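# Commentary on secondary and tertiary structure
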Amino acid sequence: MSHKTGTREEWLAARLELLQEEKAMTRRSDELAQQRQELPWVRIDKDYRFETEAGSASLKELFQGRSQLLVYHFMFGPDFTAGCPSCSMIADGFNGFAVHLANHDVTLMAISRGPLEALRAYKQRMGWSFPWVSSQGSDFNADFCVWFSEQQQREGDVEYNYRREPSAAWREGQEGGGEGEEDRIAAMCGTDSATFQRDLPGMSSFVLEDGVVYHCYSAYARGLDVLWGAYQWLDRAPRGRNESDGIWWRRHDEYGQR
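Reading the values: rules and limits
- Residues numbered from 1 in each chain as written.
- Predicted model: local features only at pLDDT ≥ 70, side-chain atom pairs only at ≥ 80, totals over all residues.
- Heavy atoms only, no water.
- Helix = DSSP H or I, 4+ residues; strand = E, 2+ residues; numbered from the N terminus.
- Buried < 20%, exposed > 50% of the residue type's maximum accessible area, 1.4 Å probe, protein only.
- Contact = heavy atoms within 4.5 Å.
- Pairing = 2+ DSSP bridges.
- Polar contact = N/O pair within 3.5 Å; in protein donor to acceptor, adjacent residues only side chain to side chain.
- Phe/Tyr/Trp six-rings, centres within 6.5 Å; stacked < 30°, edge-to-face > 60°.
- Arc of directions from axis to C-beta.

Here the focus is the environment of A98. Looking at the secondary structure, you find A98 in helix α3 (residues 98–102). Residue class for A98 comes out buried when judged on its relative accessible area of 9%. When the C-alpha atoms of A98 and Q35 are compared, they prove to be 24 Å apart, with 63 residues separating the residues in sequence. Excluding anything up to four places from it in sequence, A98 contacts L108 and F130.

Right, let's get into the pairing of strand β3 (residues 55–58). In terms of strand pairing, strand β2 (residues 49–52) meets β3 through 4 bridges, oriented antiparallel. Directly across from R49, in β3, lies its bridge partner S58.

A few words now on the side chain of S135. Looking at the element boundaries, S135 is found in the loop between β6 (132–134) and α5 (140–143). On the basis of relative accessible area, S135 is assigned to the buried category, the value being 1%. At 2.4 Å, the side chain of S135 forms a polar contact with the side chain of N141. Residues within four places of S135 in sequence aside, it is in contact with R49, F50, I111, S112, R113, F140 and N141.

The next point concerns the packing of aromatic side chains. Counted by the stated rule, this structure contains 27 aromatic pairs. Ring centres 5.1 Å apart and planes at 80 degrees place the aromatic pair F50 and F140 in the edge-to-face group. Here F50, found in strand β2, pairs with F140, found in helix α5; they are 90 residues apart in sequence, far enough to count as distant. Taken as a pair, F50 and F140 share a single burial class, namely buried.

Counting buried positions along strand β10 (residues 212–220) gives 8 out of 9 residues, so the element sits mostly inside the fold. Here strand β1 (residues 42–43) pairs with β10 via 2 bridges, running antiparallel. Residue V42 lies in a different strand from β10, and its bridge partner there is H215. Strand direction decides the pairing type here: strand β9 (residues 202–209) and β10, joined by 8 bridges, are antiparallel. Across the sheet, the residue bridging to E209 is V212, located in β10.

One can find H73 in strand β4 (residues 68–73). We classify H73 as buried; its relative accessible area is 1%.

Listing the buried residues of helix α7 (residues 181–188) in full gives D183, I185 and A186. Buried positions in α7, seen along its axis, are confined to an arc of 165 degrees and lie on one side of it. Here the buried face of α7 lies against α2 (85–95) and α8 (193–196).

In structure tokens, the structure reads:
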């Protein structure tokens, strides 16, 4: 064992010192939440259409009678045979509290470019109940910076997480198989890493006021960390995220499989 040990008194002294740092972070988190809510709203006039289990719907109709809409941009492209494993792990977390938000004037749903039939089948496999709709054929994912064309990828013209994203640029060999972690995750979705990297994760919030939809907030990449419930627990485990061996997670019905 390489970790230091100590007496209960030493532990308590260190814990109380850490508690002050945690309280400061909590207060700062409250301030950031207020800043998010104070961002200017941007009116949306484009007529986005989505395929839902009840038929074709507009963005306004996705609110389902509520005034607020939270969207998780789930990585499941038209060429995928299964959803992204990391998105699936995040969805395992929010599946349980979507009903609570629905009773607090907030609709929480996932949106993907994959066809509705594929999304429904995967949702059933995972045992999820949150609403999940398809944006296939619309500009929604492109406009909210979670989908990029092959041309953008090849030209290195991918703007993700409010910056030019070099990790999403084209690399030779991506269009085939591979032995890297990215290739293995892509293979778990039935595609190659080039195709896999064109659909990226994120979340966006919208508000409906006086019949008009406004975009309020979006986050990507590490900005989604706080939504990844399992990581919040791991950050409080003795060895933390413990990812020195790379990607370890699987879909919840795949653990134990080779």
